[in-house]
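Listed below are the residues making up each chain.
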Amino acid sequence: MSDEYVSGPLTDEQIKFFREQGYVVVPGLFSKSEIKPITQWVEEVEAWPETAGKWMMYFEQTEDKQRLLNRIENMLPYHEQFNALAAGEKMQGTCGQLFGEPATLFKDKINFKKPGGGGFESHQDVQAGWAKYADLHITVLITIDKTTIENGCLEMAGGFHNRGLLGDEWTPLDDANIAELEYEKIEAEPGDAVFFDSYAPHRSEPNRSTSPRRVLYYTYNAASAGDHIAQYYADKRLSYPPDIERDDDKEYVYRV
Ligand SMILES: O=C(O)CCC(=O)C(=O)O
Ligand SMILES: [Fe+2]
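No experiment lies behind these values; they were computed from the predicted model shown.

S.K.: How do you make sense of the sheet that holds strand β8 (residues 183–185) when you look at a structure like this?
M.R.: The strands that make up a sheet pair up through hydrogen bonds in the backbone, lying either parallel or antiparallel. The four strands are arranged β5-β10-β7-β8 in an open sheet whose pairing can be described as antiparallel. Since the sheet does not close on itself, it has two edges, and those belong to β5 (120–123) and β8, each with one partner. The sheet shows a mean angle of 20 degrees between the axes of neighbouring strands, taken without regard to direction. Bridging between strand β7 (residues 154–157) and strand β10 (residues 202–204) involves three bridges; their strand directions are antiparallel. Among the inter-strand pairings, Met-156 is bridged to a residue of β10, identified as His-202.

Quick look at the structure:
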C-alpha cells in the first residue's frame, strides 16, 4: 500500500477494523436527505423494461410461483446519476482509501430482495470467478431500506479474509470448508454503508417481511489492477445472461 493515497472519509479506527475483520460498517455515509434521491433512482431503474443487450435484470421464482425481480446489474451506462455516484468520493474515494491507491469500478448491482425473496448461502465474492480480473476487490453496500433480521440483512464473518479461498470457486461455503465462522447480523438504516473485502465470508436469510430489502452494491478493484468492467459484463452475459437473453432450452443455475 502506498502512503501517499490516504485521504478519504474513513477514520483510522475504521480502516483498522477493516484490515482486521475484512469489513467495516459506516453508519450514515449518506444522510437521510442524500439517500432520498438515490432511492428514487432505484425506483426508476426498477421500472425499466427488460431489454436484451443493456442493463441486466435477473428474476427469481418464489415457492408460490411468483416471478420477482431479484437483481439489476450494469445500470451505470444508462443512468447518469448512478454513474456519478459510483465515481464519487464516498464510494470510489473510500475504496481508494482502503486500497491505498485510486480505485476503479468493477461492477454495479442492486439487490431487491422483495418479500418472499431468497437469501444467499455463505460465500466469498471471489468464489464467483473474480480472481481472473484482479487479486482483490472491495464492495460497498449502500442501504436503501432499513435492513433487519426479519428482512434478511447482510451477515458478515469477520477475521477470515486473509486466508485465501476457503472453498471452491462457484460453490457456497459449508461446514466441510470451515466450521468456525461466526456471523455479525448487520441491521442498518437507510444511508448506512458496509465496505467488504472479496475474501470476507458473508451470507443472508430470505426476506420474511412484507416490504422489500433493497441495497446497492458497487465493487471496485485497485486502479493498478486494470479496468475490467466491460470484460466482466461481456463474460457474464455469456456465462449467466439476464433472463431476457436466455435460450429457452438451456437451464441456468445461480451458484454464488
Ligand atoms: O444482498 C445480500 O443479501 C447478499 C448478496 C451477496 O452476497 C451477493 O450478491 O454476492
Ligand atoms: Fe456476496
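Still more to cover.
S.K.: What exactly am I supposed to notice about the site of ligand 1 here?
M.R.: In the neighbourhood of ligand 1, the contacting residues comprise Lys-109, Asn-111, Lys-113, Phe-120, His-123, Asp-125, Leu-154, His-202, Ser-204, Arg-213 and Tyr-217. Tyr-217 has a polar side-chain atom sitting 2.7 Å from an oxygen atom of ligand 1. For ligand 1, whose free accessible area comes to 300 Å², the fraction covered by protein is 96%. The site holding ligand 1 turns out to be the largest pocket. Contributing elements (two or more residues each) for the shell around ligand 1: β4 (103–111), β5 and β10.

S.K.: Would you mind showing me how to read the side chain of Asn-70 here?
M.R.: Within the fold, Asn-70 resides in strand β3 (residues 67–73). Since its relative accessible area comes to 15%, Asn-70 is described here as buried. In terms of polar contacts, Asn-70 uses its side chain to reach the side chain of Glu-60, at 3.2 Å. A polar atom in the side chain of Asn-70 sits 3.2 Å from the side chain of Arg-71. When residues no more than four places from it in sequence are discounted, the contact partners of Asn-70 are Tyr-58, Phe-59, Glu-60, Ile-110, Asn-111, Phe-112 and Lys-113.

S.K.: Just checking my understanding: could you explain the coordination of the iron ion (ligand 2) for this structure?
M.R.: Ideal geometry at a metal centre: 109.5 degrees between donors when four sit tetrahedrally, and 90 or 180 degrees when six sit octahedrally. On the protein side, the iron ion (ligand 2) has His-123 (NE2), Asp-125 (OD) and His-202 (NE2) as donor atoms, found 2.1 Å from it. Mapped onto the polypeptide sequence, the residues donating to the iron ion (ligand 2) form the spacing pattern H-x1-D-x76-H. Separated by 77 residues along the polypeptide, Asp-125 in the loop between β5 and β6 (137–143) and His-202 in strand β10 bring together distant segments of the chain. Comparing Asp-125 with His-202, the two get one shared label, buried.

S.K.: Is there a simple way to think about the pattern of salt bridges in this case?
M.R.: Between side chains of opposite charge, a pair can form when the charged atoms approach closely. Scanning the entire structure with this criterion turns up 19 salt bridges. Of the charged contacts in the structure, one is a salt bridge between Lys-16 and Glu-20, with a shortest N-O distance of 3.5 Å. Here the residue Lys-16 and the residue Glu-20 both occupy positions in helix α1 (residues 12–21), the gap between them amounting to four residues, near one helical turn. Taking the relative accessible area as the measure of exposure, Lys-16 reaches 52% and is therefore exposed. Residue classification places Glu-20 among the partly exposed positions, given a relative accessible area of 44%. Here Glu-34 makes a salt bridge to Lys-90, at a shortest N to O gap of 2.9 Å. Of the two residues, Glu-34 sits in helix α2 (residues 32–46) while Lys-90 sits in helix α4 (residues 89–99), which places them 56 residues apart along the sequence. Residue classification places Glu-34 among the partly exposed residues on the basis of a relative accessible area of 33%.

Criteria and thresholds
- Residues numbered from 1 in each chain as written.
- Chains lettered and ligands numbered in written order.
- Predicted model: local features only at pLDDT ≥ 70, side-chain atom pairs only at ≥ 80, totals over all residues.
- Heavy atoms only, no water.
- Pairing = 2+ DSSP bridges.
- Helix = DSSP H or I, 4+ residues; strand = E, 2+ residues; numbered from the N terminus.
- Axes fitted to C-alpha atoms, helices over the stretch in contact; angles between N-to-C directions.
- Near = heavy atom within 4 Å.
- Polar contact = N/O pair within 3.5 Å; in protein donor to acceptor, adjacent residues only side chain to side chain.
- Areas by Shrake-Rupley, 256 points an atom, 1.4 Å probe, with all protein chains shown as cover.
- 1 Å grid on protein atoms, 1.4 Å probe; cavity = no way out; pocket = protein on both sides within 12 Å on 5 of 7 lines; lining within 4 Å.
- Sits in = over half its atoms within 2 Å of the grid points.
- Buried < 20%, exposed > 50% of the residue type's maximum accessible area, 1.4 Å probe, protein only.
- Contact = heavy atoms within 4.5 Å.
- Donors = N, O, S within 2.8 Å, 3.2 Å for Na, K, Ca; no water.
- Salt bridge = Lys/Arg side-chain N within 4 Å of Asp/Glu carboxyl O.

Functional significance is not addressed by these values, which are geometric in nature.
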